[in-house]
Amino acid sequence: MFRNTFQSGFLSILYAIGSKPLQIWRKNINNGYVKRITDFEMQSSVIEICGANVSTCFLSCPSNPKQTLGVKMPFLVLLIKYLKKYFTFEVQVIDDKNVKRRFRASNYQSNTRVKPFICTIPMKLDEGWNQIHFNLTDFTRRAYGTNYLETLRVQIHANCRIRRIYFTDQLLSSKSIPDEYRAFSNANEDNAEEQYQKQMANDPNAQMVQGEGEEQYQQEYHEENQEEHQVEQVEEHQVEHVEEHQVEQQQEGNAQENQEQPPQENNQQPNEGGNPPQQEENANQNQGGEANAEQPAEQTGEQPPAQ
């Protein structure tokens, strides 16, 4: 359906406000219903789907089973209200190996199971409206080790209320998303904050309680700072005492080592001629060598003739 269209930003496949919100969706309802109602929390029209069995009560897109969505954007976002009942949805994709994979997320399953053609994932929903972000690229890579190419089909099963279902090419912060793509608009949040401030300003009891709470907070904060300051002083005193004790022990150890070691005497004295001992010793060696050299000459002298 959308394979030949330019896909960028946001691509909505269901929006509860409009003349035909389920124009491209096919209804499969058994022991249940699908209708558009007004949600008092949202203050807007929403699609409610409920049924006795989640597997036999669902909406499927595209409406023609032979067609595919052809959406290449990797993030699927669902604005869903939790009705404290079983709920599940399915997404069918195709990967770079040309294999069709299905991902089923439900709030009645506790473990993740990966099979060749379907991966079931547990999902936890908060009370009220939820904004579900489904990263198709990451799930395809983690479950099957392949690359996500495009989304083929989307199925929303009972039981839930739907505000909008759309694809996006990137996840944005809540303040960067337009109001129509959010569960609650920024204007509603700002109005709620303004109403709270006005209520606090007009209610004297609220002001009194707020003032008492502020004074109590300041007193507790002051006491905590005093305790921390005392603890820091004690720790600093202990550290200084330990350092001084270590220095004293080191000084005492050095003094004992100096007392135990005897003084080294220098037995080498200079000779009368002022020559250093080394030179004098060498001189004596030279004299001895000359004497030894002359001694053989005396021994080899002429012998007196025999009488």
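Residues numbered from 1 in each chain as written. Predicted model: local features only at pLDDT ≥ 70, side-chain atom pairs only at ≥ 80, totals over all residues. Heavy atoms only, no water.

Peer 1: Mind laying out the overall build of the protein, listing which residues take part and the relevant values?
Peer 2: Along the protein, the regular secondary structure elements total four helices and 13 strands. Out of the 307 residues belonging to the protein, those deemed buried represent 31%. Considering only contacts in the protein between residues 6 or more positions apart, those separated by 24 or more positions represent 68%. When the accessible area of the protein is evaluated, it comes to approximately 21,200 Å², of which 45% is carbon and sulfur surface. (Helix = DSSP H or I, 4+ residues; strand = E, 2+ residues; numbered from the N terminus. Buried < 20%, exposed > 50% of the residue type's maximum accessible area, 1.4 Å probe, protein only. Contact = heavy atoms within 4.5 Å. Areas by Shrake-Rupley, 256 points an atom, 1.4 Å probe, with all protein chains shown as cover.)

Peer 1: So what's going on with the pattern of salt bridges? Residues and values would help.
Peer 2: The final tally for this structure, using the stated rule, is 11 salt bridges. In this structure, the salt-bridge partner of R102 is E90, at a minimum N-O distance of 3.1 Å. Within this pair, whereas R102 is found in strand 8 (residues 100-106), its partner E90 is found in strand 7 (residues 88-95), the two being separated by 12 residues in sequence. Among the residues examined, R102 registers a relative accessible area of 31% and is labelled partly exposed. A residue is classified by how much of its surface remains accessible, and E90, at 9% relative accessible area, is buried. Close ionic contact of R104 with E90 constitutes a salt bridge, the shortest N to O distance being 2.8 Å. Remark: E90 occurs in strand 7 and R104 occurs in strand 8; sequence separation between them is 14 residues. Overlapping salt bridges bring together D39, E41, E48, K81 and R161 as one network. (Salt bridge = Lys/Arg side-chain N within 4 Å of Asp/Glu carboxyl O.)

Peer 1: Quick rundown of the side chain of N130? Include the residues and the values.
Peer 2: Here N130 shows up in strand 11 (residues 128-135). A distance of 2.8 Å separates the side chain of N130 from the backbone nitrogen of D126, its partner in a polar contact. Once residues within four sequence positions are removed from consideration, N130 is found in contact with L78, L79, I80, Y82 and L125. (Polar contact = N/O pair within 3.5 Å; in protein donor to acceptor, adjacent residues only side chain to side chain.)

Peer 1: I'd like to hear about the environment of D95, residue by residue, with values.
Peer 2: If you trace the backbone, D95 turns up in strand 7. Once the C-alpha coordinates of D95 and T146 are considered, the two residues, 51 residues apart in sequence, prove to be 6.2 Å apart. Beyond its immediate sequence surroundings of up to four residues, D95 is in contact with R101, T140, T146, N147 and L149. Polar contacts involving the side chain of D95 include one to the side chain of R101, which spans 2.9 Å.

Peer 1: Any details on the pairing of strand 13 (residues 160-168)? Residues and values, ideally.
Peer 2: In terms of burial, strand 13 is largely enclosed, as nine of its nine residues are buried. Pairing of strand 4 (residues 44-51) with strand 13 involves three bridges; the strand directions are antiparallel. By the bridge assignment, I47 is partnered in strand 13 with I162. (Pairing = 2+ DSSP bridges.)

Peer 1: Residues and numbers for the confidence of the model for the protein, please.
Peer 2: Confidence along the protein averages 75 in pLDDT terms, with 59% of residues attaining 70 or more. Considering only residues more than four positions removed or in separate chains, one finds that residues 203-222, a stretch of pLDDT under 50, has four contacts. (pLDDT = per-residue confidence, 0-100.)

Peer 1: How would you summarise the sheet that holds strand 10 (residues 118-122) if you had to cite specific residues and measurements?
Peer 2: Pairing is mixed in the open sheet, where seven strands are placed in the order 2-5-12-7-8-10-9. Each end of this open sheet is capped by a strand with a single partner; those strands are strand 2 (26-28) and strand 9 (113-114). Against the sheet, helix 1 (residues 136-144) touches strand 7, strand 8, strand 9, strand 10 and strand 12 (148-157), its axis set at about 105° to strand 8. (Axes fitted to C-alpha atoms, helices over the stretch in contact; angles between N-to-C directions.)

Peer 1: So what's going on with the state of the cysteines? Residues and values would help.
Peer 2: Under the definition given, this model contains zero disulfides. Looking at C160, it has no disulfide partner, and the nearest cysteine sulfur is the one in C50, 7.8 Å off. (Disulfide = S-S within 2.5 Å.)

Peer 1: Kindly report on the pairing of strand 3 (residues 32-39), identifying the contributing residues and their values.
Peer 2: Bridge analysis of strand 3 against strand 4 gives eight bridges, and the strand direction is antiparallel. Opposite G32, over in strand 4, you have G51 as the bridge partner. Between strand 3 and the antiparallel strand that follows it, strand 4, lie four residues; Q43 among them carries a positive phi value of about 55°.

Peer 1: Tell me what's going on with the packing of aromatic side chains, and back it up with residues and numbers.
Peer 2: As enumerated under the stated definition, the model contains eight aromatic pairs in all. Consider the rings of F134 and F139, whose centres lie 4.5 Å apart with planes at 5°: the pair is stacked. By relative accessible area, which is 4% here, F134 ends up buried. A relative accessible area of 24% means that F139 is categorised as partly exposed. What links up through ring pairs into an aromatic cluster is the set F87, F89, F103, F134, F139 and Y144. Taking the ring centre of Y144 as reference, the NZ or CZ of R101 above it sits at 4.2 Å. The positively charged end of R164 is found above the aromatic ring belonging to Y15, 3.6 Å away from the centroid. (Phe/Tyr/Trp six-rings, centres within 6.5 Å; stacked < 30°, edge-to-face > 60°. Lys NZ or Arg CZ within 6 Å of the ring centre and 35° of its normal.)

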